[in-house]
Amino acid sequence: QVHLVESGGGLARPGGSLRLSCAASGIIDNLASMGWYRQAPEAPYDQREFVIGITVGGTSMYGNSAKGRFTISRDDAGNTVYLQMNNLKPGDTATYYCNAKVLGPDGSLNDVAWGQGTLVTVSS
């Protein structure tokens, strides 16, 4: 099993920055990617928006909300990923969930773990 623990959420002003961390533990050798999704306060459970991800090979993948403002990186061991969020907007207010995926037999990326979520609030 894979266990994900997020940290770094909180309150930021519009135009400010926050950095989220996600540490993975357990059986992580076969992870294909790690990344972040978010769920707005009023959104239902099944409407998590993909924000950003990074593959085991180091390729970054961006959702529409992340382009130009958010970046993702990871430590040398590949166990921890970081989401750097700049120029934050009130619309970025959401619970951010770390996600890990493995490569399925058909070549698709399949969810294998979710973190517990960390709340980011952008408000003046």
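Whatever comes next refers back to the structure up there.
A short tour of the structure in this document, coming up.

In this fold, Leu 4 is placed in strand β1 (residues 2-7). Along the chain, Leu 4 and Asn 79 lie 75 residues apart, while their C-alpha atoms are 9.6 Å from each other. Those residues within four positions of Leu 4 in sequence are excluded, and the remaining contacts are Cys 22, Ala 23, Ala 24, Met 34, Cys 98, Asn 99, Ala 100, Ala 113, Trp 114, Gly 115 and Gln 116.

Moving on: the sheet that holds strand β8 (residues 80-85). Strand pairing in a sheet relies on backbone hydrogen bonds, with the paired strands running either antiparallel or parallel. Here we have four strands laid out as an open sheet, ordered β1-β3-β8-β7, and antiparallel in their pairing. The strands lining the two open edges of the sheet, one partner per strand, are β1 and β7 (70-74). Strand after strand, the sheet turns through a mean of 20° between neighbouring axes, direction not considered. Of the pairings in the sheet, the one linking β1 to strand β3 (residues 18-26) comprises six bridges and is antiparallel in character. Paired with Val 5 across the strands is Ala 23, a residue of β3.

All right, on to the packing of aromatic side chains then. Applying the stated criterion across every chain yields a total of two aromatic pairs. Each ring, one from Tyr 37 and one from Phe 50, has its centre 5.4 Å from the other, and the planes form 70°; the classification is edge-to-face. You can see Tyr 37 sitting in strand β4 (residues 31-39) and its partner Phe 50 sitting in strand β5 (residues 49-55), a full 13 residues away along the chain. Arranged with centres 5.0 Å apart and planes meeting at 65°, the rings of Tyr 37 and Trp 114 form a pair that is edge-to-face.

Take the pattern of salt bridges next. A full pass over the atoms with the stated rule returns four salt bridges. Two residues, Arg 38 and Asp 92, come together in a salt bridge whose shortest N-O distance is 2.9 Å. Of the two residues, Arg 38 is situated in strand β4 and Asp 92 in the loop between β8 and β9 (94-103); the sequence distance between them amounts to 54 residues. Residue Arg 38 is classed as buried on the basis of its relative accessible area of 8%. The structure contains a network of salt bridges with shared partners spanning Arg 38, Glu 49, Arg 69 and Asp 92.

Bringing the nonpolar core into the picture now. With 29 residues, the main nonpolar core has Leu 4, Met 34, Trp 36, Phe 70, Met 85 and Tyr 96 as its most contacted residues. Going through the elements one at a time, β1, β3, β4, β5, β7, β8, β9 and β11 (118-122) are the ones with two or more residues in this core. The biggest single contributor to this core is β9, with five residues.

Backbone geometry places Asn 87, a non-glycine residue, at a positive phi of 50°. Its location among the elements puts Asn 87 in the loop between β8 and β9. Taking relative accessible area as the criterion, Asn 87 reaches 42% and is therefore assigned partly exposed.

Our focus in this paragraph is the side chain of Lys 101. Here Lys 101 is to be found in strand β9. Judged by relative accessible area, which is 11%, Lys 101 ranks as buried. A polar contact is formed between the side chain of Lys 101 and the side chain of Tyr 37, at a distance of 3.0 Å. For Lys 101, the residues in contact, after removing those within four places along its chain, are Leu 31, Ala 32, Ser 33, Tyr 37, Leu 109, Asn 110, Asp 111 and Val 112.

Reading the values: rules and limits
- Residues numbered from 1 in each chain as written.
- Predicted model: local features only at pLDDT ≥ 70, side-chain atom pairs only at ≥ 80, totals over all residues.
- Heavy atoms only, no water.
- Helix = DSSP H or I, 4+ residues; strand = E, 2+ residues; numbered from the N terminus.
- Contact = heavy atoms within 4.5 Å.
- Pairing = 2+ DSSP bridges.
- Axes fitted to C-alpha atoms, helices over the stretch in contact; angles between N-to-C directions.
- Phe/Tyr/Trp six-rings, centres within 6.5 Å; stacked < 30°, edge-to-face > 60°.
- Salt bridge = Lys/Arg side-chain N within 4 Å of Asp/Glu carboxyl O.
- Buried < 20%, exposed > 50% of the residue type's maximum accessible area, 1.4 Å probe, protein only.
- Core = buried A, V, L, I, M, F, W, Y, C linked by side-chain atoms within 4.5 Å.
- Polar contact = N/O pair within 3.5 Å; in protein donor to acceptor, adjacent residues only side chain to side chain.

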